[in-house]
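Each chain is listed here by its residues.
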Amino acid sequence: MHHDKSVIQPSRPVAVRFLRFTAAAITLGTGAAVLAYVALMHPAFAADNSAKLQDNGAANSQVHVEGGSVPFKTLSELGEALYFDTNLSKNRTMACATCHDPSTAFRDPRDTIANGSFSMGDDGASFGDRNAPMAAYARLSPDFHITKDGIPVGGQFWDGRAKDLAAQAGGPPLNPVEMGMGGAHDVVSRLKEDPDYVAAFKVLFEENIWDDDDAAFGAMTQAIAAFEKTDQFTPFDSKYDRWLRGEYKMTPNEELGRVLFFSQQFTNCNQCHQLKSAGAEGETFTNYQYHNIGVPQNRAQREADGRDPDFVDNGLLDNPAITDPSFKGKYKVPSLRNVAVTAPYMHNGVFHDLKTVVRFYNKYNSRSQAAQINNETKKPWGAPEVADTISLKELEKGDALDTRRENALVAFLKTLTDKRYEPLLKAQEEAAKKAKAEKTAQN
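Residues numbered from 1 in each chain as written. Predicted model: local features only at pLDDT ≥ 70, side-chain atom pairs only at ≥ 80, totals over all residues. Heavy atoms only, no water.

## Observations regarding the confidence of the model for the protein chain
For the protein chain, per-residue confidence averages 88 on the pLDDT scale, and 84% of positions sit at 70 or higher. This model gives residues 1-16 a pLDDT under 50, and the stretch forms 50 contacts once residues within four places in sequence are excluded. For the stretch residues 18-62, pLDDT sits under 50, and the model shows 122 contacts to residues farther than four places along the chain or on other chains. (pLDDT = per-residue confidence, 0-100. Contact = heavy atoms within 4.5 Å.)

Laid out in structure tokens, this is it:
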């Protein structure tokens, strides 16, 4: 979708509907997300409209309906409207875009709530236990499966419990601490309130789709998945991508970071965050496997939110397909695309600075006293949330990093920012400079 690169104009029916959604959405900031979306993205629905519906009427992002007055002519166009629709939450305050805002690299922009570590639900009081993952590039995760070697791979959510994008899209509406709807019937009742949805579902799926609540709910998830499969979620136009195409020259620091990142000898980054051969296009910077890297509990934030600071997240063991306790505390390796603009980090949002993350990894290989100190808290790193299943083999591969190499890796990771989010990166850097100057002035 990001063909040029700067401005997105949704198809007309969706753009008109945005105005309808904004009033309710603005309660939790989604109205701002909608307006920013119109300003930042690109035409979503041009390319190939030749694909046909699959046997069960499941969503294909390019299914196209000719003629008539159908309000949504493609499943992705319908999915886009659903993605921003706050009416699909119990109190009509929350949409998919609330926690996966396209203006902020599809992350939750509500940094003032729980410091961004956890998302607040539709009821204005409940919190999830995990940091909302970035939705960009999610479509490239394979369906959840276990390899013949017994290795869990892919899926959606931190624990892969949703096999694919459609299964993921069906989760939040029915989660009591997220969108809070009681069941498929409640969601479908809300959908039926909108005559545009009623007409579009009949055409894009089947005439009697509304006779079965489960079928209609499944159709909704397929449509949202179709939207998430469009190119605007996967533009591959970062500085790194442009460097691969000969359109950008890396700075010396960025180049050092790139070499270190892909090194088989000097760092362990590529152990989990490299899918293809070095230099291949379409790299997502995750192998979609699951690891426990010894992340500490986010005790301070949970306590501040009035929740149990001793809570232990089971990670992959919460996936119904997994029963082996050796997988406890393991999480899906996230993509590093847009990592510089999608803080906070880790499954529980315990770290807020990208350099902290790099330093955290370095603690496994460096014996220096400084490497054992969390630069955010100025205290030793907290104990692992789950200590028995840490992937030490992967974590202890590579040499200790000095400050120069840590900074180089951060510089390289910044080059993975999609072009449309580079202004966010620039604003972030300017804010850091201002804060440093103010601190210097105070001293």
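## Structural notes on helix α3 (residues 75-83)
Among the nine residues that make up α3, nine are buried, leaving the element largely enclosed by the rest of the structure. All of the buried residues along α3 are L75, S76, E77, L78, G79, E80, A81, L82 and Y83. (Buried < 20%, exposed > 50% of the residue type's maximum accessible area, 1.4 Å probe, protein only. Helix = DSSP H or I, 4+ residues; strand = E, 2+ residues; numbered from the N terminus.)

## Focus on the side chain of S335
Residue position: S335 is located in the loop between β4 (331-332) and α14 (354-362). Among the polar contacts listed, one links the side chain of S335 to the backbone oxygen of T284, at a separation of 2.8 Å. Looking at S335, its side chain comes within polar contact range of the main-chain nitrogen of R337, at 3.0 Å. (Polar contact = N/O pair within 3.5 Å; in protein donor to acceptor, adjacent residues only side chain to side chain.)

## Section: the packing of α14 against helix α16 (residues 403-414)
One way to put it is that α14 packs onto α16 with a least axis distance of 10 Å and a crossing angle of 130 degrees. Here α14 lies oblique to α16, going by the angle between them. Considering only the axes of α14 and α16, their crossing is right-handed. Residue-level contacts link L354, K355, V358, R359 and N362 of α14 to T403, E406, N407, L409, V410 and L413 of α16. (Axes fitted to C-alpha atoms, helices over the stretch in contact; angles between N-to-C directions. Parallel < 35°, antiparallel > 145°, perpendicular 65-115°, else oblique. Left-handed = near helix turned anticlockwise from the far one by under 90°.)

## Some details on the pattern of salt bridges
Under the counting rule described, the total for this entry stands at 17 salt bridges. One salt bridge in this structure joins R258 and E255, with 2.6 Å as the shortest N-O distance. One end of the pair, R258, and the other, E255, are both in helix α11 (residues 252-262), three residues apart, so they sit about a helical turn from each other. Three or more residues are tied together by salt bridges with common partners; here these are R130, D159, R161, D313 and D318. (Salt bridge = Lys/Arg side-chain N within 4 Å of Asp/Glu carboxyl O.)

## Some words on the packing of α3 against helix α9 (residues 213-228)
Where α3 contacts α9, the axes come no closer than 7 Å and their chain directions differ by 100 degrees. Viewed along their axes, α3 and α9 adopt a mutual orientation that is roughly perpendicular. Here L75, S76, L78, G79, E80, L82 and Y83 of α3 come into contact with α9, specifically with M220, A223, I224, A226, F227 and E228. The class makeup of the residues in the contact of α3 with α9 is nine nonpolar, two polar and two charged. (Nonpolar A, V, L, I, M, F, W, Y, C, P; charged D, E, K, R; others polar.)

## Some points on the packing of aromatic side chains
Evaluation of the coordinates by the stated rule reveals 27 aromatic pairs. Between Y83 and F233, the aromatic rings sit 6.1 Å apart at their centres with planes inclined by 85 degrees, giving edge-to-face as the arrangement. Of the two residues, Y83 is situated in helix α3 and F233 in the loop between α9 and α10 (239-244); the sequence distance between them amounts to 150 residues. What makes Y83 buried here is its relative accessible area of 0%. (Phe/Tyr/Trp six-rings, centres within 6.5 Å; stacked < 30°, edge-to-face > 60°.)

## What to know about the nonpolar core
Ranked by internal contacts, the top residues of the largest apolar core, which has 79 residues, are L78, L82, Y83 and F201. For this core, the secondary-structure elements that each account for two or more residues are α3, α4 (96-99), α7 (184-192), α8 (195-204), α9, α11, α14 and α16. Of all the elements, α9 adds the most residues to this core, at eight residues. (Core = buried A, V, L, I, M, F, W, Y, C linked by side-chain atoms within 4.5 Å.)

## Re the environment of R404
Residue position: R404 is located in helix α16. Among the residues examined, R404 registers a relative accessible area of 57% and is labelled exposed. Contact partners of R404, with chain neighbours within four places excluded, come to N253 and L256.

## A closer look at the side chain of T389
For T389, the location among the structural elements is in the loop between β6 (379-380) and α15 (392-395). Within the structure, the side chain of T389 is placed 2.9 Å from the side chain of N292, a separation counted as a polar contact. Separated by 2.6 Å, the side chain of T389 and the backbone oxygen of K328 make a polar contact. Excluding residues within four positions of it along the chain, T389 makes contact with N292, P325, S326, K328, G329 and K330.

## A closer look at the layout of surface pockets
The computed volume of the second largest pocket comes to approximately 780 Å³. Within the residue set of the lining of the second largest pocket, elements represented by two or more residues are α14, α16 and α17 (422-442). Per element, the largest residue contribution to the lining of the second largest pocket is eight residues, and it comes from α17. Taken together, the residues of the lining of the second largest pocket sort by class into seven nonpolar, six polar and 11 charged. (1 Å grid on protein atoms, 1.4 Å probe; cavity = no way out; pocket = protein on both sides within 12 Å on 5 of 7 lines; lining within 4 Å. Points joined across faces, edges and corners; volume = space filled by probe spheres on them.)

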